[in-house]
Amino acid sequence: MAAASSLLPLEASVLAEIDRSRLVELAGELIAAGGENPGGTEAATVAILHRVLTGLGATVHLNEVAPGRANLIAHLGGDQTGGGLLFLGHSDVVPAGQGWDSDAFTPREDQGRLIGRGATDMKGGLAAVLVAMASVHARQPRLPLTLVCTVDEEADAIGIAHYVATEPAGSYTGCVVAEPTDLVAIVACRGAANFVLRITGASAHAGRPTDGASAIQAAAEIIAEIGQDTKRLAAAKHPVLGAATWNIGTIAGGHGTSIVPDTCELSLDRRLLPNENARLILEHLLVRIRGRLQTASFPGREKITVHGELQMQMPGFLTEEDSDFVTGVRQAVRDVTGTGDVGIWTASCEGGYMAEHHRIPTLVLGPGEINTQAHQPNESVEVDDLLTAARAYALFALRHASNNAQTPSTS
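Residues numbered from 1 in each chain as written. Predicted model: local features only at pLDDT ≥ 70, side-chain atom pairs only at ≥ 80, totals over all residues. Heavy atoms only, no water.

### Some thoughts on the nonpolar core
Line of reasoning, step 1. Within the largest apolar cluster, 100 residues are counted, with the highest numbers of intra-cluster contacts made by L53 and Y393.
Line of reasoning, step 2. For this core, the element with the most residues is helix α10 (residues 383-403), which contributes 13 residues.
Line of reasoning, step 3. If we ignore the near neighbours within four places in the chain, the residues touching L53 are A58, V60, L72, A74, L130, M133 and L147.
Line of reasoning, step 4. With 23 residues, the next largest nonpolar core counts L86, V184, I186 and W345 among its residues. (Core = buried A, V, L, I, M, F, W, Y, C linked by side-chain atoms within 4.5 Å. Buried < 20%, exposed > 50% of the residue type's maximum accessible area, 1.4 Å probe, protein only. Helix = DSSP H or I, 4+ residues; strand = E, 2+ residues; numbered from the N terminus. Contact = heavy atoms within 4.5 Å.)

Here it is, written out as structure tokens:
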């Protein structure tokens, strides 16, 4: 924590409200609530958030997205309708899987780390946000703060899609996404789109393949075309975010070794740069694919049809590194003993939706490490990092509100 002399009296008093044992207890309770996706619902986690936030005096709305799966929107302070700083999180976790040394949903603390599924992604971050909101509200009850916690972030993003479709753009002044970043302020990430390509050919006996049209051979041509596009994208890098990329995630087709395959399906991931439109990308890909198939040499190519579907798109975001919002977050992290580093993400997150929907500066900052801990057995987070995150959130919320004249100045 920063030296007391470097903090205003109000700031020091707010940070003094943050209690380590309460933070660990709350993070553990959220871990124990589970919420595996797929395989379960987020209801138990949302119930804990609802209880804690209503206990603070927040106005809490639960918006059902699917049975047993509700987004939570909580407004604290101000006029209880929003405004001010917005925190974003999600209530689901990936399935526990195998390889754990103990039960994945029985939290335990060992050598300064809290262990359990979701400790890093992102029950720890949610706990830090709740404790930060509570500490600020205890000293500055009129300061507006909002938490949006969505369902289904780890799969199809139906929660955030429901939010942007049903919630009007608010008067928020910025968004902090509490995903695990090792307390580095992530100021940019690419968007993401998922496509499915369905290829139809004609079956025939393998002894006379020329009687049919192989959907798998067509898929091979498509994969080659995507490889060519990957080279094109690599030559047109964004100055901050780097290149857009393709990944072929799955391929499935055919009915047996002795049958010319009449169907094949590819699932594709495409990372998006600012101002790219996923539907246009799919349209252009299909045009190139059909052109390539016209000149392919395998039998029956003229019988091949290819249809594409956009299953999901998630916008990215880009916040200027030298903006007041980013520099304010970085300074808050430094003042609670963090490094205040800045970076970009190769992953994507729901922050892009908030940046686009509310037209506000957005960054990702949270405890835990996404590459070495999230989605893995024995997932864990440093308790000291939980504390640093909670303190940084609280300190920035105070300063951000003061800079935006949203609460009376108090020294």
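### Considerations on the pairing of strand β14 (residues 342-345)
Line of reasoning, step 1. Side chains G343 and W345 project from β14 onto a buried face, and the interleaved V342 and I344 project onto a face without burial.
Line of reasoning, step 2. Pairing geometry for strand β8 (residues 185-189) and β14, over four bridges, is parallel. Bridging from a neighbouring strand, C189 pairs with W345 of β14. (Pairing = 2+ DSSP bridges.)

### Things to note about unusual backbone geometry
Peptide bonds are trans in most cases, and residues, glycine excluded, mostly fall at negative phi.
Line of reasoning, step 1. With omega at 5 degrees, the peptide bond leading from N37 into P38 counts as cis.
Line of reasoning, step 2. Its place among the elements puts P38 in the loop between α2 (20-32) and α3 (43-56).
Line of reasoning, step 3. Following D121, the chain continues to M122 via a peptide bond in cis, the omega torsion being -10 degrees.
Line of reasoning, step 4. Here M122 lies in helix α4 (residues 119-139).
Line of reasoning, step 5. Even without being a glycine, N378 presents a positive backbone phi close to 55 degrees.
Line of reasoning, step 6. Along the chain, N378 turns up in the loop between β15 (362-364) and β16 (380-382).
Line of reasoning, step 7. Residue N378 is classed as partly exposed on the basis of its relative accessible area of 23%.

### Concerning the sheet that holds strand β5 (residues 113-115)
Line of reasoning, step 1. Taken in spatial order, the three strands line up as β4-β5-β16 in an open sheet, and their pairing is antiparallel. Because the sheet does not close on itself, it has two edges, and the strands there are β4 (108-110) and β16. The sheet shows a mean angle of 25 degrees between the axes of neighbouring strands, taken without regard to direction.
Line of reasoning, step 2. Relative to β5, α2 is tilted by about 20 degrees, and along the sheet it contacts β4 and β5. (Axes fitted to C-alpha atoms, helices over the stretch in contact; angles between N-to-C directions.)

### Comments concerning the pattern of salt bridges
Opposite charge on two side chains lets them pair, provided their charged atoms get close.
Line of reasoning, step 1. Following the criterion strictly, the structure yields 21 salt bridges and no others.
Line of reasoning, step 2. Residues E42 and R69 are paired through a salt bridge, measuring 2.8 Å at the closest nitrogen-oxygen approach. Within this pair, whereas E42 is found in the loop between α2 and α3, its partner R69 is found in strand β2 (residues 69-76), the two being separated by 27 residues in sequence.
Line of reasoning, step 3. Ionic pairing is found between R292 and E221, a salt bridge with its closest N-O pair at 2.9 Å. Of this pair, R292 sits in helix α7 (residues 278-294) while E221 sits in helix α6 (residues 215-234); the two residues are 71 residues apart in sequence, bridging distant segments of the chain.
Line of reasoning, step 4. The class for E221 is partly exposed, based on a relative accessible area of 21%.
Line of reasoning, step 5. Overlapping salt bridges, with partners in common, bring together E221, E225, D229, R232, R288 and R292 in one network. (Salt bridge = Lys/Arg side-chain N within 4 Å of Asp/Glu carboxyl O.)

### Details of α6
An α-helix turns once per 3.6 residues; consequently, residues spaced three or four apart project the same way.
Line of reasoning, step 1. End to end, α6 covers 29 Å across 20 residues, agreeing with the expected 28 Å (1.5 Å per residue, within 8%).
Line of reasoning, step 2. Within α6, the full set of buried residues consists of A215, A218, A219, I222, E225, I226, D229 and L233. With its buried residues spanning 120 degrees around the axis, α6 presents them on a single face.
Line of reasoning, step 3. At its buried positions, α6 is contacted by β9 (191-200), β10 (246-253), β11 (263-272), α7 and β12 (305-314). (Expected span 1.5 Å × (residues − 1). Arc of directions from axis to C-beta.)

### Here we look at the sheet that holds β12
Line of reasoning, step 1. Pairing in this open sheet of four strands is antiparallel, and the strands run β10-β11-β9-β12 from one edge to the other. The two strands at the open ends of the sheet, each matched to only one other strand, are β10 and β12. Between one strand axis and the next, the sheet turns by 15 degrees as a mean value, whatever way the strands run.

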